[in-house]
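Remarks on the overall topology
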Amino acid sequence: MPAVNPSKEKRAVVLGGGGAKGAYQIGVWQALGELGLDFQVVTGTSVGALNGALMAQGEFEAAYDLWWNMDNTQVMEGIPSASDTLDSRLAVYRAFIREMVTKGGVDISPLEETIRSILDEEKLRQSGVVYGIVTVDMTTLTPVRLYLRDMPQGAVADYMIASASCFPAFKPRTIEKSRFIDGGYYDNLPVEMAAKAGVPLSEIWAVDVDGVGIKRSFCPEIPVHTVRSCWDLGNFLIFEKDQCRRNIRLGYWDAMKTAGACDGRAYAFPAREEERLRLRYGASMEELCRRLLEPLGERARSAVEGAALARLRGELRRRRMKNDLLLAKPPGSCWVWSPPAATPWRNLTPPWGSASRWSGAKTGSGISPPIPCQGRAPAWERPWPPWGRSWPFSR
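Fair warning: this is a prediction, and the values are worked out from it, not measured in the lab.

Here we look at the overall build of the chain
Assigned secondary structure in the chain consists of 11 helices and 12 strands. For the chain, the residues scored as buried account for 51% of the 395 residues in total. Look at the contacts in the chain between residues 6 or more apart in sequence, and 71% of them connect residues 24 or more apart. Roughly 18,900 Å² of accessible area belongs to the chain as shown, and the carbon and sulfur atoms make up 54% of that amount.

Following this line, the structure appears as C-alpha cells:
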C-alpha cells in the first residue's frame, strides 16, 4: 500500500492519541488505501505517532497484524491480559496501580521491541512522506514538535516511544538527559503541525479517537475531514483483543462514510441507500416518535429531543453493548452471509444472489446486499437489518 502518489492533490493524515483506541486508525488507513487516497504528510501524537510512522513507511500488513492480535502482554510488562469480564478488568487495574506505585509507571518494553522490529528508519526517511510527532519535555515542561528531518539519525524509535509515554501510567522516556512524556499533554490531535509541514496540501484527514489529552483549536484554510466514531472505543489503557478488532472495523466504515462511499452515522449503509430508507420508513418513524413522546411532559420531552440532537451532532457516544452487531451472532431473524473459514476475507467475492450463502433471502425485496468489510479478518458473520421483512410500525 504505497503512501506517495505523484498526483496534483496532496493530502495530510493526522492521527490523535488514545492508547488502545489506536486500532481504529488502522481501519481508517485501510479505507484510505481502498479509496485510492494517498498522503504526503503524516503527523501524530502518542499512539498516533506509532501508527503514523508505520503509515509513512507503508507497513500496512505489519500494522494490521500487530493490532489484530493486540494484547496487554504485547504492550506492557507485568500487566495481565484482559477480557470482557469485571474480574479481568479489576485485575488489570490492580496491576496498573501496583506498577505505578512500586516502579513509577508501567514498563512498555514489549511494545518498544515490537516497534523496533517493524520500524525501518532508513526506509522511513526515503519514503518521501513528511512525518512529525508531538511530545513534551518533562524536564523543562515545554512542548516538542519534531519532524522526521529534525530527529537525529537512529533516534526515531526513541522519540516515537517518548510521544506515547502516557505519564503517570507509563514511565517517562529519557533521551539525551531529557525526560519526555506523552504529547497529549500539549496537542493530542496535531492538525496545525500537518498544515505547517511545508507541503501545499489540498485537504487534511484528522482521525480523532477521543483520547485523553488537550486538543488545540486550529482552523486551516484547507478542508479538514474529521473521522470520529459514534461508538465508544473502549478504555485507552486496556488492550483487549476483541475490542481492538472491533475498532479496526469501526474505523474502516467511518472513513468510508466520511469519504462518501457509504451513508449513515452510527451504522453504514450503501451509498444513497439511507435516503431511500428515509423515504420509505420516515413517515412511520415520525408517527412512532410522536406517539411515544406525546404522553411525556414538556420537560421530559425537551430532554429526549435534546439527547437526540446531541446524538445527531456526534456529541454523545454509543456505549458498547454485549451483543452488538460487530461481534455477536445476530438473531435468527437477521440476514447473514457467512464466508468460508478457510478463505481470506479480503480475497472473497461475495456471492450476492446466491441462495446457498444466504439464510432467509427473498427475491424482489429491493434491499441491497451488505457491503463486505475488505479487512484481512477471519470469517465472521455480517448481520444485515431485516428491513425487507414486514415493518412493525408501517401504517
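Details of the confidence of the model for the chain
Note that predicted coordinates carrying low pLDDT should not be read in detail. Considering every residue of the chain, the mean pLDDT works out to 79; 77% of them sit at 70 or more. Mean pLDDT values over the elements of the chain span from 32, in strand 11 (residues 335-337), up to 97, in strand 2 (residues 41-45). With pLDDT under 50 throughout, residues 321-395 is counted as low confidence; its partners more than four residues away or in other chains account for 131 contacts.

Quick look at the nonpolar core
In this structure, Trp67, Met76, Tyr131 and Phe170 are the most contacted members of the largest nonpolar core, which totals 81 residues. Excluding its chain neighbours within four sequence positions, the residues that come into contact with Tyr131 are Val42, Ala49, Gly52, Ala53, Ala56, Leu124, Leu146, Tyr147, Leu148, Met151 and Met160. Membership of the second largest hydrophobic core comes to 18 residues, among which are Val130, Val134, Leu189 and Met193.

Quick notes on unusual backbone geometry
Each neighbour pair has its own omega, and for Phe167 with Pro168 the value is 10°, a cis peptide bond. Here Pro168 shows up in the loop between helix 7 (156-163) and strand 5 (173-175). With a phi close to 55°, Leu141 is a non-glycine residue in the positive phi region. Mapped onto the secondary structure, Leu141 falls in the loop between strand 3 (130-137) and strand 4 (142-147). One non-glycine residue, Lys177, adopts positive backbone phi at about 70°. Note on placement: Lys177 falls in the loop between strand 5 and strand 6 (178-182). Taking relative accessible area as the criterion, Lys177 reaches 81% and is therefore assigned exposed.

Cut-offs and rules
- Residues numbered from 1 in each chain as written.
- Predicted model: local features only at pLDDT ≥ 70, side-chain atom pairs only at ≥ 80, totals over all residues.
- Heavy atoms only, no water.
- Helix = DSSP H or I, 4+ residues; strand = E, 2+ residues; numbered from the N terminus.
- Buried < 20%, exposed > 50% of the residue type's maximum accessible area, 1.4 Å probe, protein only.
- Contact = heavy atoms within 4.5 Å.
- Areas by Shrake-Rupley, 256 points an atom, 1.4 Å probe, with all protein chains shown as cover.
- pLDDT = per-residue confidence, 0-100.
- Core = buried A, V, L, I, M, F, W, Y, C linked by side-chain atoms within 4.5 Å.

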